[in-house]
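The primary structure of each chain is shown beneath.
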Amino acid sequence: MIDFELSEEQQMIRDSVGAFARDEIRPAARPADESGAIPAPLVAKAWQFGFVSGAVPEKFGGGGDTRPAVTGAIVAEELGFGDLSIAIHVLAPRLFAFPIVEMGTDDQRAKYLKRFTGADFAAATAAVMEPRFDFDLSALQVSARRDGGGFVLNGAKCYVPLAAEADSMLVYAATDAAKGFAGVDGFIVPRGAAGVTISEREKNMGLKALATYELTLKDCRVGADARVGGDKGIDFSRLMSQSRVALAAMGVGVMNAAFEYARDYAKERKAFGVPIATKQAIAFMLADMAIEIDAARLLVWEAAFKLDKGGDALKESYLAKNYVAQSALKVTDNGVQVLGGHGYIREHPVEMWLRNARGFSAIDGIATV
């Protein structure tokens with residue numbers, strides 16, 4: 001049975017992160033979208049929340065938190081409500097640190113986790129997506145071939161956040177393509193390793209404030225100690241389920257941002273002497289947006305709840321992410337529609353949220369394939 005009542009701690013986390021998203025992130029979102037740069041002081045403030053260090057074991061200087069997925073979803077939704085680009089930027093180090101926390105060897109934890117417990121933002125990332133139309137997480141084409149005492153990586157990745165500023169990145173590659181998710185391993189690759197080429201910054205339709213890059217691996221040789229988890233490897237299915245839950249939760253935040261902005265606008269904007277919110281066509285549209293948000297949030301929480309119970313949430317996380325990818329487009333487009341002509345101009349953020357929402361169907365693979 002799922003309990004929908006947030007604990008006192010979860011409510012406190014939601015309120016504090018939500019206030020930060022409204023008061024600090026939201027005002028910075030439009031300038032960051034226009035300039036393509038996220039202010040370093042804002043990133044530093046976000047870092048102080050301990051979104052990454054909180055999950056690092058205490059013996060490495062972290063908070064030693066248990067990292068429940070439901071609480072993580074609550075945090076991701078609030079940050080996504082503030083701005084999706086900034087949310088992904090400040091959470092990107094999790095893509096590198098959390099797999100090592102949960103599945104890394106003792107040596108890997110000792111070597112890499114301390115960097116995330118300092119006072120300054122530590123850029124890190126993971127390379128998952130591949131630039132092909134039939135991308136499938138269970139059939140990665142980036143390969144890792146065992147060679148002597150190490151591995152040789154070949155292939156290409158795309159949409160890698162912060163790749164140009166991260167000291168190391170986690171590259172997912174197939175070591176046995178016939179095994180699907182079970183045949184994927186994660187490899188820690190230094191940014192300047194021989195055989196690694198990082199492209200110029202990608203020019204995307206949305207998420208303009210987030211720096212993403214293509215990554216090419218050509219006979220990139222790493223030692224056996226670069227394989228996360230050593231001979232035991234990783235549970236790639238679980239890691240991707242966690243990633244999908246976080247991404248979907250941020251999508252719910254984007255949807256809620258569009259809904260609240262459109263609702264408030266509709267209450268203020270008058271036509272024929274009355275607020276347009278009283279017009280049936282607008283009221284029904286706002287109601288549909290609210291329904292989609294609740295439905296998407298429940299799917300996210302269901303997947304997160306199953307992860308917290310230690311179960312296989314591959315199906316639930318896929319359903320949540322896929323539903324959000326579609327409903328985020330619908331809700332943000334309705335947000336533009338409620339504002340009418342004003343929704344199309346950059347004076348209002350709804351057009352930015354619509355562009356950002358389009359990314360959910362591309363990140364983690366196209367939903368229609």
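Analysis parameters
- Residues numbered from 1 in each chain as written.
- Predicted model: local features only at pLDDT ≥ 70, side-chain atom pairs only at ≥ 80, totals over all residues.
- Heavy atoms only, no water.
- Helix = DSSP H or I, 4+ residues; strand = E, 2+ residues; numbered from the N terminus.
- Expected span 1.5 Å × (residues − 1).
- Buried < 20%, exposed > 50% of the residue type's maximum accessible area, 1.4 Å probe, protein only.
- Bend = angle between axes of the 7 residues up to and from the residue.
- Contact = heavy atoms within 4.5 Å.
- Core = buried A, V, L, I, M, F, W, Y, C linked by side-chain atoms within 4.5 Å.
- Axes fitted to C-alpha atoms, helices over the stretch in contact; angles between N-to-C directions.
- Parallel < 35°, antiparallel > 145°, perpendicular 65-115°, else oblique.
- Left-handed = near helix turned anticlockwise from the far one by under 90°.

Peer 1: Any chance you could explain helix α6 (residues 236-268) here in plain terms?
Peer 2: Owing to its 3.6 residues per turn, the α-helix aligns residues three or four sequence positions apart on the same side. Between its first and last C-alpha atoms α6 spans 48 Å; for 33 residues at 1.5 Å apiece the expected length is 48 Å, and the two agree. Within α6, 25 of the 33 residues are buried, leaving the element largely enclosed by the surrounding structure.

Peer 1: Teacher, can you tell me more about unusual backbone geometry here?
Peer 2: Excluding glycine, a negative phi dihedral is what most residues carry, and trans is how most peptide bonds are arranged. Residue arginine 67 is not a glycine yet carries a positive backbone phi of 60°. Here arginine 67 is to be found in the loop between α2 (40-47) and α3 (69-82). Residues other than glycine seldom take positive phi values, yet leucine 162 does so here, at roughly 60°. Tracing the backbone shows leucine 162 in the loop between β3 (150-161) and β4 (168-174).

Peer 1: Looking at this structure, I do not really get helix α1 (residues 8-35). What am I missing?
Peer 2: Here α1 is 28 residues long and its end C-alpha atoms lie 39 Å apart, about the 40 Å a rise of 1.5 Å per residue gives. The largest bend along α1 measures about 45° and falls at isoleucine 25, with the proline proline 27 one to four residues further on. On the buried face of α1, the contacting elements are α2, α3, α4 (84-103) and α9 (350-358).

Peer 1: For this particular structure, what's the right way to read the nonpolar core?
Peer 2: In a soluble, globular protein the nonpolar side chains are often hidden away together inside. Of all hydrophobic cores here, the largest spans 70 residues; its most connected members are Leu79, Met250, Leu286, Val300, Val324, Val338 and Phe360. Mapped by element, the contributors of at least two residues to this core are α1, α2, α3, α4, α6, α7 (280-308), α8 (314-338) and α9. One finds Phe60, Met103, Ala122 and Ile188 within the second-largest nonpolar core, a separate group that totals 34 residues.

Peer 1: Hey, could you run me through the packing of α8 against α9 in this one?
Peer 2: The relative placement of two packed helices is expressed as an angle between their axes plus a distance between the axes. Between α8 and α9, the least distance of the axes is 8 Å, while the angle of their chain directions is 165°. In terms of their interaxial angle, α8 and α9 are classed as roughly antiparallel. Seen along the crossing, α8 lies across α9 with a hand that is left-handed. Counted together, Ala328, Leu329, Thr332, Asp333, Gly335 and Val336 of α8 and Val350, Glu351, Trp353, Leu354, Ala357 and Arg358 of α9 form the full contact between these two elements.

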